[in-house]
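Fold and geometry: a report
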Amino acid sequence: MSRSWSSRSRTTRVIAVTASALAVLTACGGGDDTAGKGTADRPVTLTFWGWAKGSKDVVDAFNASHENIRVTFEEIPSGTAGGYAKISNAVKAGNAPDLVSIEYASLPEFVASGALQDIGAEFTEQDRAKLLPQAVELTTLGGKNWAVPFDAAPQAFYYRKDLFAKYGIAVPTTWDEFKSAAEKVKKADPRTRIATFFPDDPTTFEAVAWQAGAQWFKAENDTWKIDTTDPATTKVTGYWQGLLDADLVHKNASFSPEWTGSLKNGTTIGYLGASWGAGVLKGTLPEQSGKWAIAPMPHWGTPASGMLGGTSFAVTKDSDKKAAAVEFAEWMSTTEAGVKARIASGTSSAFPAATALRPVAKQVFDASYYGGQDIYALFEQAGASIDPNWAWGPTTGTTNTTIKDHFGKITKGGPGIADAVEAGHRATVAELTKRGLKVEG
């Protein structure tokens, strides 16, 4: 996609090799896949857990067009909202589904815990060639392939263009402009705010730190270097603490009734999200069609993006239906029919990892909700500007759980964002040390 993606790809390879050398990533067992890929007379039945919008529509379309495999779908909470805990518990109990959705950030931890199977024999080089190489790199750890990539998730700013016009506010392109716009919004209507700080979702904050050039995890030789106090993170932490202290943004849990209600009544007029957010808003607020538009994420002087989420499909360690599970995962990720089924639902605006299918996604997604705006062109530009130097470590769950707990304690004059990030740092170092790894930080 861009030179930055190539750099990111190299970074990921270094981390994968280092993690392997440290025995962070363990070789997993798994079923012998004796059920194979099934036949029309004796179809394989798969269980699939996920939360991405349009998943049920994809499963229904697959089941209607395939006789050899039948998929049973269970919708679970998003990963940070309890989905990962549910998957982990099911793996430990020996009753996990065959296929699960896992975001790129959390994949190393599931691999390190031995929860997944290497799918390299089924997810072949020819199959991988259909997908963005950098997305494949994010699912290649320790020289093994652990998941089928589905999408990328560059950041974007969603805003109520009718209310921005009503209040005479220009769409901000930089974070300085964003703060000025936030002040104008509050002045125009004391109940209304430009956006929301999500205390329950540290990944949103991490994406903004990523965009600013932060590097929390580095693997060098045999050591993990952890740094959440670098200048980029310090800048982002101070900026968002300032917004909270000045009461320029709401503080509500993501996708909560409070957040949704504020969007419905117009007291929140912006959303700092990712490419998949276009489908979320469209599905959540259908009555506001034509009132929303999408802009690039505000930046610090040069257009840039982090990545917020991004989905892959992985086979759990005890599944004996690996071939069938990978066949289904690849159908979702690499076929026109799979992408169409998901996006035609109207709730998904996925930005496929299969670059050849992005025109299909653009064609199928009804952009009339956004006034016919070419949102996929915006996503392409944002994707090309993703900072290449961010990397994920093998303890994302510990890091994020700790930060989330401390975000919930933020009060004016009390604990702040910096305290939460510091706590996440300490917990991360402690967890890596507990696993017998060399750590600096």
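Right above here is the structure, for reference.
Residues numbered from 1 in each chain as written. Predicted model: local features only at pLDDT ≥ 70, side-chain atom pairs only at ≥ 80, totals over all residues. Heavy atoms only, no water.

1. Regarding the overall build of the protein chain
- Regarding its fold elements, the protein chain presents 18 helices and 17 strands.
- Relative to the globule expectation of 22 Å for 441 residues, the C-alpha radius of gyration of the protein chain, 21 Å, shows essentially globular dimensions.
- Overall, the C-alpha framework of the protein chain stretches about 65 × 50 × 40 Å when taken along its three principal axes.
- A burial count over the protein chain gives 58% of its 441 residues as buried.
- Considering only contacts in the protein chain between residues 6 or more positions apart, those separated by 24 or more positions represent 79%.
- Summing over all exposed atoms, the protein chain offers an accessible surface of approximately 16,900 Å²; the carbon and sulfur share of this is 51%.
- Computed over 44 positive and 47 negative side-chain charges, the inter-centroid distance for the protein chain is 4 Å. (Helix = DSSP H or I, 4+ residues; strand = E, 2+ residues; numbered from the N terminus. Rg over C-alpha atoms; globule rule 2.2 N^0.38 Å. Buried < 20%, exposed > 50% of the residue type's maximum accessible area, 1.4 Å probe, protein only. Contact = heavy atoms within 4.5 Å. Areas by Shrake-Rupley, 256 points an atom, 1.4 Å probe, with all protein chains shown as cover. Lys, Arg positive; Asp, Glu negative; His and termini not counted. Charge placed at Lys NZ, Arg CZ, Asp CG, Glu CD.)

2. Some thoughts on the nonpolar core
- Ranked by size, the top nonpolar core spans 114 residues in total, and within it Y158, I194, W240, Y370 and F379 carry the most contacts.
- Core analysis: the second largest hydrophobic core is formed by 18 residues, W51, A115, W146 and A147 among them. (Core = buried A, V, L, I, M, F, W, Y, C linked by side-chain atoms within 4.5 Å.)

3. Examining the side chain of D201
- Structurally, D201 can be placed in the loop between strand 9 (196-197) and helix 9 (202-212).
- The buried charged residue D201 lacks any salt bridge partner; its closest oppositely charged side chain belongs to K404, at an N-O distance of 8.3 Å.
- Side chain to side chain, D201 and T204 meet in a polar contact 3.0 Å long.
- Setting aside anything within four residues of it in sequence, one finds D201 in contact with T80 and S254. (Salt bridge = Lys/Arg side-chain N within 4 Å of Asp/Glu carboxyl O. Polar contact = N/O pair within 3.5 Å; in protein donor to acceptor, adjacent residues only side chain to side chain.)

4. A short note on the packing of aromatic side chains
- Tallying each qualifying case throughout the model produces 36 aromatic pairs.
- Pairing F157 with F164 gives two aromatic rings, centres 6.3 Å apart and planes at 65 degrees, and the pair type is edge-to-face. Comparing F157 with F164, the two get one shared label, buried.
- Between the aromatic rings of W175 and F178, the centroid separation amounts to 5.2 Å while the plane-to-plane angle is 70 degrees, which identifies the pairing as edge-to-face. Here W175 pairs with F178, and both are found in helix 8 (residues 175-188), just three residues apart, close to one helical turn. Residue W175 shares its accessibility class with F178, and that shared class is buried.
- Put simply, the rings of F157, Y159, F164, W175, F178, F197, F205, Y239, W240, W300 and F407 pair up and form one aromatic cluster. (Phe/Tyr/Trp six-rings, centres within 6.5 Å; stacked < 30°, edge-to-face > 60°.)

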